[in-house]
Amino acid sequence: MKTLKYNGKTYQFTEDIQPKLEGITEYILTNTYNVRCEVVFENGTLVYINELD
């Protein structure tokens, strides 16, 4: 389980998240509350999480 914090919220995902250290990495994941989220990293750093549902 991978836990991420963004804008005061905690998100938990069962998928393995391994962002690239260079460039942009984007995931579409479903969190433990069954909400689809767009998760974006730039150079290995979390940029944003956008809830899609």
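Each value, and the rule that gives it
- Residues numbered from 1 in each chain as written.
- Predicted model: local features only at pLDDT ≥ 70, side-chain atom pairs only at ≥ 80, totals over all residues.
- Heavy atoms only, no water.
- Phe/Tyr/Trp six-rings, centres within 6.5 Å; stacked < 30°, edge-to-face > 60°.
- Buried < 20%, exposed > 50% of the residue type's maximum accessible area, 1.4 Å probe, protein only.
- Helix = DSSP H or I, 4+ residues; strand = E, 2+ residues; numbered from the N terminus.

Caption draft 1: Region of the structure containing the packing of aromatic side chains. Enumeration over the complete set of coordinates arrives at 2 aromatic pairs. Considering the side-chain rings of tyrosine 11 and phenylalanine 13, the 6.4 Å spacing of their centres and the 5° angle between planes classify their relative orientation as stacked. Note on accessibility: tyrosine 11 and phenylalanine 13 belong to one class, buried. On the basis of an interplanar angle of 90° and a centroid distance of 6.2 Å, the ring pair of tyrosine 27 and phenylalanine 41 is categorised as edge-to-face. Taken together, the positions of tyrosine 27 in strand β3 (residues 24-30) and phenylalanine 41 in strand β4 (residues 36-42) put the pair 14 residues apart, joining distant regions of the chain. For the pair tyrosine 27 and phenylalanine 41, one class covers both residues: buried.

Interpretation in functional terms is not warranted from these geometric data alone.
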